[in-house]
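# Results of the structural survey
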Amino acid sequence: MIGFHLSGTVTEPASQSEPETTYKVAISFDRCKITSVTCGCGNKDIFYCAHVVALSLYRIRKPDSVKLRLPISETLFQMNRDQLQKFVQYLITAHHTEVLPTAQKLADEILSSNSEINQVHGAPDPTAGASIDDENCWHLDEEQVREQVKQFLSQGGYYGTGKQLNSMFAKVREMLRMRDSNGARMLTLITEQFMADPRLSLWRQQGTGMTDKCRQLWDELGALWVCIVLNPHCKSEEKACWLRQLKKWGDMDVCPLEDGNYGSELPNITNALPQSSNLSQDSLARPRRTVFTRAMEACDLHWQDSHLQRIISSDFYMSPAYQREGESLLFNSQGLPLWLDHVPTACARVDALRSHGYPREALRLAVAIINTLRLQQQRQLDIYKHQKKELLQRGVTTTTNLEGWVGHPLDPIGCLFGTLTEACRLEDDTSMDTGDSGEPKPPVYHHVPVWGCQDSGESYLALALEVALMGMGQQRVMPEGLYAQDKVCRNEEQIIARLQELELDEVLVQTLRKQSILLLEGGPFSGLGEVIHRESVPMHTFAKYLFSALLPHDTDLAYKLALRAMRLPVLESTAPSGDVSHPHHGISIVPSRYPRWFTLGHLESQQCELASTMLTAAKGDMLRLRTVLEAIQKNIHSSSLIFKLAQDAFKIATPADSPPDITLLNVALELGLQVMRMTLSTLNWRRREMVRWLVTCATEVGLRALVSILQSWYTLFTPTEATSIVAATVMSHNTILRLSLDYPQREELASCARTLALQCAMKDPQNCALSALTLCEKDHIAFETAYQIVIDAASTGMTYSQLFTIARYMEHRGYPLRAFKLASLAMTHLNLAYNQDTHPAINDVLWACALSHSLGKNELAAIIPLVVKSVHCATVLSDILRRCTMTAPGLAGIPGRRNSGKLMSTDKAPLRQLLDATISAYINTTHSRLTHISPRHYGEFIEFLSKARETFLLAQDGHIQFAQFIDNLKQIYKGKKKLMMLVRERFG
């Protein structure tokens with residue numbers, strides 16, 4: 001080691017793939033900082049390579065093994081002329097191939113009297129330290145920083161890049177904490193690359209927002225700049241330089257805005273929070289706020305205030321006892337110092353102190369801020385008590401915080417919580433261990449008394465919990481714009497995740513109870529107060545945490561809080577009656593009537609989660625369940641969410657390994673009934689699933705529930721649902737077995753189902769008649785009534801398809817004459833054209849004719865005129881004719897009827913009429929087909945004529961008729977020579 005220069009060789013042991021390698025390492029340092037490094041490994045990274053680290057550690061751990069020599073200039077100074085000449089010549093000889101050209105060049109310059117080298121006194125010495133006035137910085141490879149950031153950004157949203165950039169931000173914070181001036185240099189380099197990201201101009205042109213991950217990186221960048229300019233020991237010149245740089249970036253068109261959007265082209269999305277309470281202030285008039293605006297504003301802040309200096313420099317700074325009686329802005333009534341500043345700004349100071357390596361000072365300021373918040377909370381409570389009566393009468397409030405602390409760009413609550421809990425963290429060897437899941441174990445905290453307040457019994461951990469509860473419970477208006485709203489939800493979840501890491505002991509439970517009561521009583525300043533603004537950020541997520549945390553310790557308070565938080569006033573008053581359904585993103589369907597809450601879908605699901613948590617906890621307690629149920633019915637407006645709650649309640653009420661809980665089952669049923677009423681008149685794709693589920697739920701509740709839904713079906717179901725799903729399921733064998741019903745109970749249920757069936761058949765015969773007949777099969781009177789309903793509706797409101805279906809059912813049940821009557825009615829609604837030889841009703845027509853034929857000559861005679869009138873398709877008619885001539889009519893064997901057993905003649909009625917109609921249909925169809933026939937269909941046409949001849953020949957003079965028909969064709973269509981030749985070949 002020569003002066004301030006350390007050099008050495010580092011050997012990297014051989015591995016399976018690489019041989020042993022030796023690297024030459026050189027390190028320069030100045031005032032305890034490494035200022036430059038070189039290594040033979042050619043490492044390209046912002047961090048030092050392992051060889052530099054190894055040499056540095058060797059020097060630190062084994063200082064005696066490293067020989068310390070004076071800087072080379074001091075050694076040379078001790079040599080005489082001969083020694084110097086010998087030194088230089090030996091040096092040149094040892095490295096003649098590398099240094100000889102340089103040595104000659106330097107010799108020439110020294111021997112030249114007017115050379116530049118001779119104008120300067122002395123000579124440089126790389127082993128000597130820098131001057132005391134020189135700035136000393138840790139070595140930072142600037143080019144490498146630029147390259148890495150550029151590379152990470154170019155990879156876009158790929159997994160891991162955000163992680164890498166966050167680790168670079170963490171490195172900046174680490175540098176700040178070590179008071180390394182490279183922190184600001186490194187952040188400048190990172191920011192320059194961020195501003196040069198080509199995607200920025202693309203996003204701006206397209207008017208699209210950047211991805212969430214990217215947006216969070218920009219937020220961290222902005223917060224770090226606030227931290228840097230708030231360095232309590234930075235010089236004013238430095239601050240002025242940073243301000244110029246920040247202003248330059250902020251003025252660029254592509255600079256991202258604080259609220260995550262691209263400026264004035266979106267007039268309905270906020271650029272900054274208005275300073276007045278006028279919420280409808282035109283956003284175009286608001287100043288443009290970029291991600292750097294807060295850092296620029298922070299440049300105006302200083303640390304010279306004497307009160308602030310005393311707060312951060314002493315644990316025992318208190319007001320003199322005689323001053324405590326009067327009103328003071330600097331101290332509270334206990335004489336503890338207050339810091340009356342804009343809360344996020346005050347917290348940014350705490351973050352800056354903590355980040356710049358002043359943890360104790362950060363804690364002192366954090367405590368002063370919390371004492372200020374407590375005093376403000378108490379004063380707001382006193383104000384509210386005087387206005388309470390008037391506010392409750394009005395039922396609304398305009399008094400609310402425009403700038404919320406949760407979701408704020410500076411994360412004030414997260415900052416205070418982190419600062420306070422850091423002081424309480426138990427640092428043991430296992431804290432970095434990972435559990436079975438591979439996730440890091442949550443930190444372990446213990447109570448540390450507040451310095452200077454040991455007597456009060458206050459601990460930093462209790463203060464951390466208190467301030468988190470205060471911040472989360474702050475009533476604030478929902479910010480405008482998707483990103484800002486999303487950030488509120490995300491920040492809320494981050495704070496709750498950290499709160500859940502705290503083990504709630506007696507001290508923390510007391511803090512929790514006290515703060516919960518204050519929030520309930522806090523009027524318009526609390527999001528859990530009795531009166532809140534319509535556009536206030538909902539408290540569901542926060543209340544769910546409070547409910548679960550308080551439940552084992554104070555059940556009444558837990559329910560009081562959670563029930564208070566169930567409201568969602570933004571959907572009240574203007575919400576249309578019935579089901580309020582929202583599109584996928586939760587943006588309201590009536591934007592003019594609702595404010596643009598982009599996260600509404602998420603907020604409603606959180607409301608649902610809170611309700612579900614309460615329902616689960618209240619299992620078995622009818623009184624509590626009733627209260628929760630009323631809150632759900634009053635506050636939740638989405639049918640799909642109420643259905644989810646009903647399903648949740650049902651699942652919890654019917655565990656697989658124990659008997660069902662009837663209290664919770666009743667709640668599930670009541671919620672299910674509400675869903676049925678809400679979705680009865682609106683289209684809902686899950687409706688069938690909902691109906692089936694309700695029957696299952698009612699079955700679990702018991703007989704009385706089933707009877708009730710059958711009796712009041714018209715308020716819950718459509719006639720089709722009531723007959724085909726509800727009554728059919730209730731009457732199924734499985735339901736009877738599940739309920740273990742005796743005969744009178746089965747009869748009661750069956751009677752209700754039959755009454756329902758008849759009512760539905762009257763209301764909607766087309767869709768319910770068949771179900772009604774099926775349900776009434778076992779009761780003669782009911783069955784006759786259902787049949788009469790079908791007959792009455794047949795002439796007007798029913799299709800041939802519905803009537804044929806019921807007719808077939810009647811035949812299957814053993815009522816052939818009724819089946820015949822319904823089939824005859826169906827025939828009157830049917831019309832089959834000449835070319836409809838694949839019509840779906842053909843089978844029904846053939847069946848109807850077969851049924852009539854089997855009943856006897858009279859029935860066949862009655863249906864044939866209907867067939868002739870309705871069916872004009874020759875092939876269908878010839879099929880019917882053929883079937884009727886194959887067997888004797890009346891083979892069904894109707895009691896009291898005699899049948900001759902003779903085959904029917906086509907020369908006599910009723911078949912003569914059918915034969916004439918079939919021949920006529922063949923003639924008409926032939927002419928229709930010939931008007932637009934192509935050669936490829938000639939063969940098919942000849943076959944058609946062959947079938948026609950078969951039918952013609954059934955008539956007495958059929959062969960003459962057919963010959964005349966063919967002659968007629970040859971005459972009319974003589975132009976179709978090829979076809980007529982084929983006709984002559986086949987038919988003469």
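Labelled according to an unreviewed UniProt entry, the protein chain appears under the name Zinc finger, SWIM-type containing 5, originating from Lepisosteus oculatus.

With that settled, the discussion passes to the side chain of S852. Within the secondary structure, S852 is located in helix α34 (residues 842-855). Side-chain polar atoms of S852 contact the backbone oxygen of A848, separated by 2.7 Å. In this view, S852 contacts F820, E859, L860 and I863; residues no more than four positions away in its chain are not counted.

Moving on, we come to helix α23 (residues 639-653). Relative to the 21 Å expected for 15 residues at 1.5 Å per residue, α23 spans 21 Å between its end C-alpha atoms, a close match to the ideal helical length. Restricting attention to buried positions, one finds in α23 the residues S639, L641, I642, F643, L645, A646, D648, A649, F650 and A653. Packed against the buried residues of α23 are α21 (600-617), α22 (622-635), α24 (662-679) and α25 (687-701).

This part is about the environment of C697. For C697, the location among the structural elements is in helix α25. Given a relative accessible area of 0%, C697 falls into the buried group. With 28 residues separating them along the chain, C697 and L669 place their C-alpha atoms 6.1 Å apart. When sequence neighbours within four positions are dropped, the list of residues in contact with C697 reads F650, L665, A668 and L669.

What follows is about the packing of helix α6 (residues 161-177) against helix α9 (residues 212-229). Two elements in contact, α6 and α9, have axes separated by 11 Å at closest approach and are oriented at 5°. Judged by the inter-axis angle, α6 sits roughly parallel to α9. Along the contact surface, α6 presents G162, L165, N166, F169, V172, R173 and L176, while α9 presents L217, E220, L221, L224, C227 and I228.

Oppositely charged side chains are able to pair whenever their charged atoms sit close together. Applying the stated criterion across every chain, the model contains 46 salt bridges. One salt bridge in this structure joins R173 and E220, with 3.3 Å as the shortest N-O distance. With a gap of 47 residues between them, R173 in helix α6 and E220 in helix α9 connect regions that are remote in the sequence. On the basis of relative accessible area, R173 is assigned to the buried category, the value being 18%. With a shortest N-O distance of 3.0 Å, E689 and R686 are connected by a salt bridge. The partly exposed category is assigned to E689, whose relative accessible area is 37%. Connected via shared salt-bridge partners are E258, R289, R294, E297 and E403.

With that settled, consider the packing of aromatic side chains. The tally for this structure, following the rule as stated, stands at 17 aromatic pairs. Summarising the aromatic geometry, the rings of F194 and W218 are spaced 5.2 Å apart at their centres and angled 85° between planes, so their arrangement reads as edge-to-face. Within this pair, whereas F194 is found in helix α7 (residues 182-195), its partner W218 is found in helix α9, the two being separated by 24 residues in sequence. Here F194 and W218 have matching classes, each one buried. Aromatic pair F783 and Y815: ring centres 5.5 Å apart, planes at 25°, arrangement stacked. One end of the pair, F783, is in helix α31 (residues 780-794); the other, Y815, is in the loop between α32 (800-813) and α33 (816-828), and 32 residues separate them in sequence. A relative accessible area of 2% means that F783 is categorised as buried. Look at Y815 and you get partly exposed, because its relative accessible area is 26%.

For the rest of this paragraph, the subject is the side chain of S612. For S612, the position within the fold is in helix α21. Look at S612 and you get buried, because its relative accessible area is 12%. Not counting chain neighbours up to four residues away, the residues in contact with S612 comprise L645 and D648.

All right, on to a nonpolar patch on the surface then. On the surface, V53, L57 and I60 cluster together into a nonpolar patch covering about 240 Å² of accessible area. As for its placement among the helices and strands, I60 is situated in helix α1 (residues 50-61).

Quick look at unusual backbone geometry now. One non-glycine residue, R179, lies in the positive phi region at around 60°. Within the fold, R179 resides in the loop between α6 and α7. For R179, a relative accessible area of 47% puts it in the partly exposed group. A positive phi angle, close to 50°, is found at S740, a residue other than glycine. Relative to the elements of secondary structure, S740 occurs in the loop between α28 (733-739) and α29 (743-763).

Moving on: the nonpolar core. Counting residues in each nonpolar core, the largest one holds 254 residues, and the members touching the most others are I190, F194, W218, W225, F292, L615 and F717. Among the elements that line this core, the one with the most residues is helix α16 (residues 460-473), at 11 residues. Ignoring any residue separated from it by four or fewer positions in sequence, one finds W225 in contact with A184, L187, T188, T191, W242, L246, W249, F292 and A295. The next biggest cluster of nonpolar side chains, apart from the first, holds 11 residues, and it includes L6, Y23, I27 and I34.

Moving on, we get to the sheet that holds strand β2 (residues 21-30). As summarised here, the arrangement of the 3 strands in space is β1-β2-β3, forming an open sheet in which the pairing is antiparallel. Either end of the sheet is taken by a strand with one partner, and the two such strands are β1 (5-12) and β3 (33-39). Taking the axes of each pair of neighbouring strands and ignoring which way they run, one obtains an average angle of 25° across the sheet. Sitting on the sheet, α1 touches β1, β2 and β3, and the angle it makes with β1 is about 115°.

Our focus in this paragraph is the environment of H839. Within the element layout of this structure, H839 appears in the loop between α33 and α34. Look at H839 and you get buried, because its relative accessible area is 16%. Put simply, H839 and C873 are 34 residues apart on the chain and 10.0 Å apart in space, counted from C-alpha to C-alpha. If sequence neighbours within four positions are ignored, H839 has contacts with Y800, L830 and L832.

With 18 residues, helix α17 (residues 482-499) extends 26 Å from end C-alpha to end C-alpha; this agrees with the ideal 26 Å at 1.5 Å per step. Within α17, the full set of buried residues consists of Y483, A484, Q485, K487, V488, C489, R490, N491, E492, I495, I496 and L499. In this structure, the buried residues of α17 make contact with α9, α15 (412-422), α16, α19 (540-550) and α21.

Right, let's talk about the layout of surface pockets for a bit. Estimated volume of the largest pocket: approximately 1,600 Å³. Surrounding the largest pocket, 44 residues form its lining, R173, E220, D411, Q494 and R498 being those nearest its centre. Residue assignment for the lining of the largest pocket shows that the elements contributing at least two residues are α6, α9, α13 (343-355), α15 and α17. Within the lining of the largest pocket, the residues separate by chemical class into 15 nonpolar, 14 polar and 15 charged. A volume near 1,200 Å³ is recorded for the second largest pocket. Lining the second largest pocket we find 26 residues, and of these L76, V88, L106, I110 and A123 sit closest to its centre. Every element with two or more residues in the lining of the second largest pocket is listed here: α2 (72-77), α3 (81-94) and α4 (96-111).

Rules of the game
Residues numbered from 1 in each chain as written. Predicted model: local features only at pLDDT ≥ 70, side-chain atom pairs only at ≥ 80, totals over all residues. Heavy atoms only, no water. Helix = DSSP H or I, 4+ residues; strand = E, 2+ residues; numbered from the N terminus. Polar contact = N/O pair within 3.5 Å; in protein donor to acceptor, adjacent residues only side chain to side chain. Contact = heavy atoms within 4.5 Å. Expected span 1.5 Å × (residues − 1). Buried < 20%, exposed > 50% of the residue type's maximum accessible area, 1.4 Å probe, protein only. Axes fitted to C-alpha atoms, helices over the stretch in contact; angles between N-to-C directions. Parallel < 35°, antiparallel > 145°, perpendicular 65-115°, else oblique. Salt bridge = Lys/Arg side-chain N within 4 Å of Asp/Glu carboxyl O. Phe/Tyr/Trp six-rings, centres within 6.5 Å; stacked < 30°, edge-to-face > 60°. Patch = residues over 30% accessible without salt bridge, like charges linked within 9 Å, V, L, I, M, F, W, Y side chains within 5 Å. Areas by Shrake-Rupley, 256 points an atom, 1.4 Å probe, with all protein chains shown as cover. Core = buried A, V, L, I, M, F, W, Y, C linked by side-chain atoms within 4.5 Å. Pairing = 2+ DSSP bridges. 1 Å grid on protein atoms, 1.4 Å probe; cavity = no way out; pocket = protein on both sides within 12 Å on 5 of 7 lines; lining within 4 Å. Points joined across faces, edges and corners; volume = space filled by probe spheres on them. Nonpolar A, V, L, I, M, F, W, Y, C, P; charged D, E, K, R; others polar.

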